[in-house]
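Summary of the model geometry
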Amino acid sequence: MLIFMVSWFVCSSVMMEPISRPVFGVRVSIGDNSRINTFVCYLDNGRVLTTKRIVEKETFIKIVSGYWPSPYNPNRVNYFEEHGIDCGVSIDSSTMIQSPFCIPLDSLWKIRFSTYPFRGQITERGWSKKLHMPSYNQIQYLGDRYGISHIDGDFFLDTNFWRLMEDVMNPTWIDNYKSLE
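Scope of this entry: the structure provided in the associated data block. (Residues numbered from 1 in each chain as written. Predicted model: local features only at pLDDT ≥ 70, side-chain atom pairs only at ≥ 80, totals over all residues. Heavy atoms only, no water.)

Quick word on the overall build of the chain
Going by this rule: Helix and strand definitions here come from DSSP, where helices need a minimum of 4 consecutive H or I residues and strands a minimum of 2 consecutive E residues; each element is numbered from the N-terminal end. For every residue, the accessible area obtained with a 1.4 Å probe (protein chains only) is divided by the maximum for its type, and the residue is called buried under 20%, exposed over 50%, and partly exposed between those limits. Here, two residues are considered to be in contact whenever any of their heavy atoms come within 4.5 Å of each other. Each accessible area value is a Shrake-Rupley result obtained with a 1.4 Å probe; residue values ignore everything except the protein chains displayed when judging cover.
Summing up its helical and strand segments, the chain has 7 helices and 6 strands in all. Element order for the chain, N to C, with α for helix and β for strand: α-β-β-β-α-α-β-β-α-α-β-α-α. Relative to its full complement of 181 residues, the chain shows a buried share of 40%. Sequence separation of 24 or more characterises 44% of the internal contacts of the chain that already satisfy a separation of 6 or more. When the accessible surface of the chain is totalled, it reaches about 10,800 Å², and 55% of it is carbon and sulfur.

Details of the state of the cysteines
Counted only if it meets this: Our working definition of a disulfide is a cysteine sulfur pair at a distance within 2.5 Å.
All told, the structure shown has 1 disulfide when counted by the stated rule. Linked covalently through their sulfurs, Cys 87 and Cys 102 form a disulfide whose S-S length is 1.9 Å. Given an S-S torsion of about 45°, the disulfide between Cys 87 and Cys 102 has right-handed geometry. Of this pair, Cys 87 sits in strand β4 (residues 87–91) while Cys 102 sits in strand β5 (residues 98–102), and the two are 15 residues apart along the sequence.

A word on the side chain of Thr 59
Along the chain, the position of Thr 59 falls in helix α2 (residues 57–64). Discounting residues that sit within four places of it in the chain, Thr 59 has contacts with Arg 53 and Trp 68.

A short note on the pairing of strand β3 (residues 49–55)
Filter applied, for reference: In this scheme, strands are said to pair when DSSP sees at least two bridges between them.
Judged from the 5 bridges that link them, strand β2 (residues 37–44) and β3 form a sheet pairing that is antiparallel. Counted as the bridge partner of Asp 44 is Leu 49 from β3. In this structure, the hairpin formed by β2 and β3 is closed by a connection of 4 residues, where Gly 46 is found at a positive phi of approximately 95°.

Describing the packing of aromatic side chains
Spelled out, the test is: Note on aromatic pairs: the rings of Phe, Tyr and Trp (six-membered ring only in Trp) are paired at centre separations within 6.5 Å, and the planes decide the class, stacked below 30 degrees, edge-to-face beyond 60, tilted for the rest.
Scanning all chains against the criterion turns up 14 aromatic pairs. Residues Trp 127 and Trp 173 carry aromatic rings whose centres are separated by 6.1 Å and whose planes lie at 75° to one another, so their mutual orientation is edge-to-face. One end of the pair, Trp 127, is in the loop between α4 (103–107) and α5 (136–146); the other, Trp 173, is in helix α7 (residues 171–179), with 46 residues separating them in the sequence. Taken as a pair, Trp 127 and Trp 173 share a single burial class, namely buried. The exposure class of Trp 173 is buried, given its relative accessible area of 6%. By way of ring pairs, the aromatic residues Phe 24, Phe 39, Phe 60, Tyr 79, Phe 80, Phe 161 and Trp 162 are connected into one cluster.

A few points about the sheet that holds strand β6 (residues 156–157)
Spatial strand order, β3-β2-β1-β6: 4 strands in an open sheet with antiparallel pairing. Both edges of this open sheet fall to β3 and β6, since each of them pairs with a single strand only.

Considering the environment of Ile 103
Assignment of secondary structure puts Ile 103 in helix α4. Once the C-alpha coordinates of Ile 103 and Asp 86 are considered, the two residues, 17 residues apart in sequence, prove to be 7.5 Å apart. Residues in contact with Ile 103, not counting those within four places in the same chain, are Asp 86 and Met 169.

Re the nonpolar core
Here is the rule we go by: As used here, the term nonpolar core means buried Ala, Val, Leu, Ile, Met, Phe, Trp, Tyr and Cys residues forming a set that is joined through side-chain atoms within 4.5 Å.
Counting 39 residues, the largest nonpolar core has Phe 24, Phe 60, Phe 80, Leu 105, Ile 111 and Phe 156 as the members making the most contacts within it. Contributing elements (two or more residues each) for this core: β1 (21–28), β2, α2, α3 (79–82), β4, α5, α6 (159–167) and α7. Setting aside anything within four residues of it in sequence, one finds Ile 111 in contact with Val 28, Trp 127, Ser 128, Pro 134, Phe 156, Leu 164, Val 168, Trp 173 and Tyr 177.

Structural measurements only, silent on function.
Next comes the structure, spelled out in structure tokens:
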């Protein structure tokens, strides 16, 4: 009987669902519905990333800030706040309209484009050396610093996502990135 109980305990502990942690990311490439950024949420079970979900920017901000309950943030942790990133949801006191905000997310297009890719919407310049693609050295830098191998297909994920969010708000990083030929 003792052997049976020990066997059951060992087997059931191996079969238990591991505790998953959220992983957030972004791809900077024109995707569906002519969106420049594609936002993704995963669960990391310690072995692989699972439960992939592509979301719109507003939903992403609400999930990551803990404003909305989600399987990707069941404890409603404000991960932006944990990483010192000024993003979240503001509520107009008179109209009660919820407005997600995140300046770093709004700046991500600049690492890929030298001008905003759609007419008449934004007139400020991007940081890319080429019109619709970073220069060779910029691509190398992005790969080395953030672990991406192809800007069109790879997501800046997990710690690389948070590093990118911090970097795009750092004037020294911006100047260095812009100087790469």
